[in-house]
Amino acid sequence: MAKELGRLDIGQSVAVKNQAVLALEAIEGTDACIRRAGQLCKQGGFTVVKVAKPQQDMRFDVPTIGVGTLQTMVEAGATTLVLEAEKPFS
């Protein structure tokens, strides 16, 4: 799902629990996606997946995960962060 979002140039993140998609990232960004998933999944325990867009130019636009993203995950109840292998993240 995350790769298809990227292919369509919509976003880079998806929040899921038990194979159900809770939230998709769009223009508002990763943190808003995570917060929305937390609102929809009050019991927490969901996973956040972040990937690079297939057409993303890594020279200028590197996917970002930072301390703020991790804090948002904790506040929202996310328990797992999945990053795409062999891609640079900052």
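Scroll up to find the structure this text is about.
Residues numbered from 1 in each chain as written. Predicted model: local features only at pLDDT ≥ 70, side-chain atom pairs only at ≥ 80, totals over all residues. Heavy atoms only, no water.

Trainee: How do you make sense of the pairing of strand E2 (residues 20-24) when you look at a structure like this?
Mentor: A regular strand places its side chains on the two faces of the sheet in alternate fashion. Here strand E1 (residues 13-17) pairs with E2 via 4 bridges, running antiparallel. Bridge pairing links Val16 to Val21 in E2. Turn length for the E1-E2 hairpin, with the two strands adjacent in sequence and antiparallel, is 2 residues, and the turn residue Asn18 shows positive phi of about 50°. (Pairing = 2+ DSSP bridges. Helix = DSSP H or I, 4+ residues; strand = E, 2+ residues; numbered from the N terminus.)

Trainee: Mind showing me how you'd approach helix H2 (residues 30-40) here?
Mentor: Structural remark: α-helix, 3.6 residues per turn; residues separated by three or four positions point the same way. Those residues of H2 that sit buried are Thr30, Cys33, Ile34, Ala37 and Gly38. In an axial view of H2, the angular spread of the buried residues amounts to 140°, which keeps them on one side of the axis. Facing away from the buried side of H2 by over 90 degrees, the exposed positions are Gln39 and Leu40. Looking at the buried positions of H2, the neighbouring elements they touch are E1, E2, strand E3 (46-50) and helix H3 (67-76). (Buried < 20%, exposed > 50% of the residue type's maximum accessible area, 1.4 Å probe, protein only. Arc of directions from axis to C-beta. Contact = heavy atoms within 4.5 Å.)

Trainee: Help me understand unusual backbone geometry in this model?
Mentor: Unlike most non-glycine residues, Asp9 shows phi in positive territory, near 60°. Positive phi is not limited to glycine here, since Asn18 has a value of about 50°. Inspection of the secondary structure assignment puts Asn18 in the loop between E1 and E2. In this structure Asn18 comes out as exposed when scored by relative accessible area, which is 71%.

Trainee: For this particular structure, what's the right way to read the packing of H2 against H3?
Mentor: Axes are the key here: two packed helices are described by the angle between their axes and the distance separating the axes. It is the contact of H2 with H3, at a shortest axis distance of 9 Å, that shows an interaxial angle of 10°. Judged on the interaxial angle alone, H3 and H2 are roughly parallel. Contacts between H2 and H3 involve Thr30, Asp31, Ile34, Arg35 and Gly38 from the first element and Gly68, Thr69, Thr72, Met73 and Ala76 from the second. Partitioned by chemical class, the residues of the contact of H2 with H3 number 3 nonpolar, 5 polar and 2 charged. (Axes fitted to C-alpha atoms, helices over the stretch in contact; angles between N-to-C directions. Parallel < 35°, antiparallel > 145°, perpendicular 65-115°, else oblique. Nonpolar A, V, L, I, M, F, W, Y, C, P; charged D, E, K, R; others polar.)

Trainee: How should I be thinking about the side chain of Glu25 in this particular structure?
Mentor: Its place among the elements puts Glu25 in the loop between E2 and H2. In this structure, Glu25 is buried with no salt-bridge partner, the nearest side chain bearing the opposite charge being Lys50 at 4.3 Å. Of the polar contacts made by the side chain of Glu25, one reaches the backbone nitrogen of Gln12; its length is 3.3 Å. A distance of 3.1 Å separates a polar atom in the side chain of Glu25 from a polar atom in the side chain of Thr30. (Lys, Arg positive; Asp, Glu negative; His and termini not counted. Salt bridge = Lys/Arg side-chain N within 4 Å of Asp/Glu carboxyl O. Polar contact = N/O pair within 3.5 Å; in protein donor to acceptor, adjacent residues only side chain to side chain.)

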